Amino acid sequence: QVQLVESGGGLVQAGGSLRLSCAASGRIFGINNMGWYRQAPGNERELVAAITGGGRINYAESVKGRLTVSRDIAWNLVSLQMNSLKPEDTAVYYCSADVTTTGLVMRTYWGQGTQVTVSS
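As a starting point, this report considers the structure included with it. These figures come from a predicted structure and were not determined experimentally. (Residues numbered from 1 in each chain as written. Predicted model: local features only at pLDDT ≥ 70, side-chain atom pairs only at ≥ 80, totals over all residues. Heavy atoms only, no water.)

## Comments concerning the pairing of strand β4 (residues 28-39)
Moving on, step 1. As defined by bridge partners, β4 adjoins strand β9 (residues 91-101) across nine bridges and the pair is classed as antiparallel. Across the sheet, Gly35 pairs through a bridge with Ser96, a residue of β9. (Pairing = 2+ DSSP bridges. Helix = DSSP H or I, 4+ residues; strand = E, 2+ residues; numbered from the N terminus.)

Okay, here's the thing in structure tokens:
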């Protein structure tokens, strides 16, 4: 009923930049929180950055000052600008959205994940 499609991952050298984007589509009545999580091999999935419908933003301590989350509510888009990337940022990045469908059911949806690899 709802799909999240990510784009923008890839390979970059340390200190470089990447921009991730995620578009939500389908039977959407409304979206509250949208954000990005990541999971490195052998690690738990962790929050990177999230933004509420009201614009409140929460960042992981490890990315503050380097990564910036933004959102286009009208187009159901969320983006993550990643600057000054470090090898420890290497992970699969997942888009997440708390969606209320047109059937007025609310649940969290996930994208398929996009690989970000930062070489030293």
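On we go.
## Some points on the pattern of salt bridges
Moving on, step 1. The full count for this structure, using the stated rule, is four salt bridges.
Moving on, step 2. The salt bridge involving Arg38 is made with Asp89; its shortest N-O contact spans 3.0 Å. Separated by 51 residues along the polypeptide, Arg38 in strand β4 and Asp89 in the loop between β8 (77-82) and β9 bring together distant segments of the chain. Like Asp89, Arg38 is buried. (Salt bridge = Lys/Arg side-chain N within 4 Å of Asp/Glu carboxyl O. Buried < 20%, exposed > 50% of the residue type's maximum accessible area, 1.4 Å probe, protein only.)

## Section: the packing of aromatic side chains
Moving on, step 1. For the structure on display, the rule yields one aromatic pair.
Moving on, step 2. Ring plane angle 70° and centroid distance 5.1 Å describe the contact between Tyr37 and Trp110, whose orientation is recorded as edge-to-face. In this pair, Tyr37 sits in strand β4 while Trp110 sits in strand β10 (residues 106-110), placing the two residues 73 residues apart along the sequence.
Moving on, step 3. Using a relative accessible area of 37% as the deciding quantity, one classes Trp110 as partly exposed.
Moving on, step 4. The ring of Trp110 is capped by Arg45, whose NZ or CZ atom sits 4.7 Å from the centre of that ring. (Phe/Tyr/Trp six-rings, centres within 6.5 Å; stacked < 30°, edge-to-face > 60°. Lys NZ or Arg CZ within 6 Å of the ring centre and 35° of its normal.)

## Some remarks on the sheet that holds β8
Moving on, step 1. Across the sheet, which stays open at both edges, the four strands sit in the order β1-β3-β8-β7 with antiparallel pairing between neighbours. Only two strands of the sheet have a single partner each, and these edge strands are β1 (2-7) and β7 (67-72). Averaged over all adjacent pairs, the angle separating strand axes in this sheet is 15°, with direction ignored.
Moving on, step 2. Judged from the six bridges that link them, strand β3 (residues 18-26) and β8 form a sheet pairing that is antiparallel. Each residue of the ladder has a partner; that of Leu18, found in β8, is Met82. (Axes fitted to C-alpha atoms, helices over the stretch in contact; angles between N-to-C directions.)

## A closer look at the side chain of Arg66
Moving on, step 1. Tracing the sequence through the fold places Arg66 in the loop between β6 (57-59) and β7.
Moving on, step 2. A residue is classified by how much of its surface remains accessible, and Arg66, at 10% relative accessible area, is buried.
Moving on, step 3. A distance of 3.0 Å separates a polar side-chain atom of Arg66 from the backbone oxygen of Ser84.
Moving on, step 4. Apart from residues lying up to four places away in sequence, Arg66 is in contact with Gln81, Met82, Asn83, Ser84, Leu85, Lys86 and Asp89. (Polar contact = N/O pair within 3.5 Å; in protein donor to acceptor, adjacent residues only side chain to side chain. Contact = heavy atoms within 4.5 Å.)

## Focus on unusual backbone geometry
Most peptide bonds adopt trans geometry, and most residues besides glycine take a negative phi value.
Moving on, step 1. One non-glycine residue, Asn76, adopts positive backbone phi at about 55°.
Moving on, step 2. By secondary structure assignment, the location of Asn76 is in the loop between β7 and β8.
Moving on, step 3. Phi is positive for Ser84, close to 50°, though the residue is something other than glycine.
Moving on, step 4. Its location among the elements puts Ser84 in the loop between β8 and β9.

## Concerning the environment of Leu85
Moving on, step 1. For Leu85, the position within the fold is in the loop between β8 and β9.
Moving on, step 2. Those residues in contact with Leu85 that sit more than four places away from it in its chain are Val12, Ala14, Gly15, Gly16, Ser17, Leu18, Arg66 and Val118.

Any functional reading would require information beyond the geometric quantities listed.
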